[in-house]
Amino acid sequence: MIIAVDGPVAAGKGTLARRIADIYGLKYLDTGALYRAVGLLLLKRGEDPANEQKAVQAAADVGEIDLTDPALRNEETGNAASKVAAIQPVRDALLEYQRNVAKAKPGAVLDGRDIGTVVCPDAPVKLFVTASAEVRAQRRFEELKAKGQNITYEAVLSDLKERDERDMGRKNAPLTQAADAHLLDTTKLDIEAALKAACQIIDASKDAS
Ligand code: DC
């Protein structure tokens, strides 16, 4: 079984996707980490993440980055990732890897922005996880504060809105809800409530197939 989980930054889709994979015994792939790895590699090389030629080269070398590197999670890397993600040849270079993970047994939960629309358009279950920008910024702000980062809520909100605009407004595979995706709005849900709602959707889809 393949489960596609898409949505904007800090909607809770990563935690949700990981928990779903555990419950249903599936592999888990955080596809954002691949774009972050390309962004981080460019930052390490001192290159501009919006430089298409350098970004394509970095996508080919993405294996050089350890996908557990904590630097993948910082805001600077996230911003660089959002820039490289707008470059179609970078997306093409990462596509095959994502599809291979999806089709390997026993199946996988992939989270990202274009899983239900581009990477796995035939996935039998698609979730589009979202929440208001303010609630997402508040969650991200608390996460960063807990990590000891010195940042204001206003800066996190403005950064998040900028990233939303870039992810939704880009020409190549923009973030959008697939026509057959189930909308899961987590504005008023904590992780346990969101997980329960997601499992209900997945079980209903399994029963129907
Ligand atoms: O989910 P994230 O914040 O780790 O993603 C980092 C960036 O990568 C984000 O700005 C959008 C981009 N991305 C994408 O374009 N397609 C995906 N499938 C996953 C992430």
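To keep things clear, this report deals only with the structure shown in the data block. In this convention, every chain numbers its residues from 1, walking through the sequence in written order. The predicted nature of this model means local features are confined to residues of pLDDT at least 70 and side-chain atom pairs, given and counted, to a pLDDT of 80 or more, with totals for whole chains, interfaces and linings taken over all residues. Just so you know, side-chain values use all the structure's heavy atoms and leave hydrogens and water out.

Focus on the nonpolar core
Stated precisely, the cut-off is as follows: We define the nonpolar core as a collection of buried residues of types Ala, Val, Leu, Ile, Met, Phe, Trp, Tyr and Cys that are connected through side-chain atoms lying within 4.5 Å of one another. For every residue, the accessible area obtained with a 1.4 Å probe (protein chains only) is divided by the maximum for its type, and the residue is called buried under 20%, exposed over 50%, and partly exposed between those limits. Numbered from the N terminus, helices here are DSSP runs of H or I no shorter than four residues, and strands are runs of E no shorter than two. Residue contacts are defined here by distance: any two heavy atoms, one from each residue, within 4.5 Å place the two residues in contact.
Core analysis: the biggest nonpolar cluster contains 20 residues, and I3, V5, L16, I20, V109, L127 and V129 have the highest contact counts within it. Those elements giving two or more residues to this core turn out to be strand 1 (2-6), helix 1 (13-24), strand 4 (125-130) and helix 9 (191-208). The element that contributes the greatest number of residues to this core is helix 9, accounting for six residues. When residues no more than four places from it in sequence are discounted, the contact partners of L127 are A4, V5, D6, I20, H182, A198 and I201. Membership of the second largest hydrophobic core comes to 19 residues, among which are A37, L41, A55 and A85.

Focus on the environment of A81
Within the secondary structure, A81 sits in helix 4 (residues 75-84). Taking relative accessible area as the criterion, A81 reaches 7% and is therefore assigned buried. Here A81 is in contact with Y35, R36 and G39, once residues within four sequence places are set aside.

Quick look at the side chain of R170
Where we set the bar: Pairing of N or O atoms within 3.5 Å defines a polar contact, subject to two protein rules: one partner must be a possible hydrogen donor and the other a possible acceptor, and residues neighboring in sequence count only if both atoms are side-chain atoms.
By the element assignment, R170 lies in the loop between helix 8 (153-169) and strand 5 (182-185). Of the polar contacts made by the side chain of R170, one reaches the backbone oxygen of N172; its length is 2.8 Å. Discounting chain neighbours no more than four positions away, the residues touching R170 are A85, A86, R91, R113, E165 and L175.

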